[in-house]
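Inside the fold
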Amino acid sequence: MDNVAGAKADWENQRKDRSSPARGGGPSRSDGGGAQAEPRSPPPPRKGKLTFKDQRDYDLLPTRVEELSAQIARDEAALHDPALYTRDPAKFAALSDAIAKARTEKDAAEERWLELAELVEG
């Protein structure tokens, strides 16, 4: 426990050193005036106008989601073979992993497309 307390004290001292004006850090909190930098908030999302990358994603993601859905259906159909696990357990495992990855990618693609659609609709 003593090491943790000592490590925290060292960290606090280093943090104070970084923020002191003599070391070239940012303005200290005790300078009493002047312009202090406010914490930056993320810029508000632009409505209706997409960046080039966003527009490309918005256009291509529906096709990608369809491709992933077809891949999932094809792999699930292959898994329906009752003898597959006993005949080729490695292929069974590979198909199971491919389905899991495709579902994850499909969910992410759908989520991204929905975010972009909200931006477009404003």
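Relevant structure appears above.
Presented here is an overview of the structure given in this document. (Residues numbered from 1 in each chain as written. Predicted model: local features only at pLDDT ≥ 70, side-chain atom pairs only at ≥ 80, totals over all residues. Heavy atoms only, no water.)

Turning next to the overall build of the protein. In terms of regular secondary structure, the protein is built from four helices and zero strands. Secondary structure of the protein in N-to-C order comes out as α-α-α-α. Within the span of the protein, comprising 122 residues, buried residues form 13% of the whole. A total of about 10,000 Å² of accessible surface is found on the protein, and carbon and sulfur atoms cover 54% of it. (Helix = DSSP H or I, 4+ residues; strand = E, 2+ residues; numbered from the N terminus. Buried < 20%, exposed > 50% of the residue type's maximum accessible area, 1.4 Å probe, protein only. Areas by Shrake-Rupley, 256 points an atom, 1.4 Å probe, with all protein chains shown as cover.)

What follows concerns the nonpolar core. Counting residues in each nonpolar core, the largest one holds five residues, listed as L50, L61, V65, A109 and L116. Of all the secondary-structure elements, those providing two or more residues to this core are α2 (52-79) and α4 (89-121). Apart from the residues within four sequence positions on either side, L50 is in contact with Q55, Y58, L116, L119 and V120. (Core = buried A, V, L, I, M, F, W, Y, C linked by side-chain atoms within 4.5 Å. Contact = heavy atoms within 4.5 Å.)

We now examine α2. Taking 1.5 Å as the rise per residue, α2 with 28 residues should run 40 Å; its terminal C-alpha atoms sit 40 Å apart, in good agreement. L60 marks the point of greatest bend in α2, at about 40 degrees, and the proline P62 comes within the next four residues. Taken as a whole, α2 has its buried residues at D54, D57, L61, V65, L68, I72 and D75. Packed against the buried residues of α2 are α4. (Expected span 1.5 Å × (residues − 1). Bend = angle between axes of the 7 residues up to and from the residue.)

As a packed pair, α2 and α4 sit with axes 8 Å apart at the nearest point and diverge in direction by 155 degrees. As summarised for this structure, α2 and α4 are arranged roughly antiparallel, according to the angle between their axes. Crossing angle aside, the handedness with which α2 passes α4 is left-handed. (Axes fitted to C-alpha atoms, helices over the stretch in contact; angles between N-to-C directions. Parallel < 35°, antiparallel > 145°, perpendicular 65-115°, else oblique. Left-handed = near helix turned anticlockwise from the far one by under 90°.)

What is shown is where atoms sit, not what they do.
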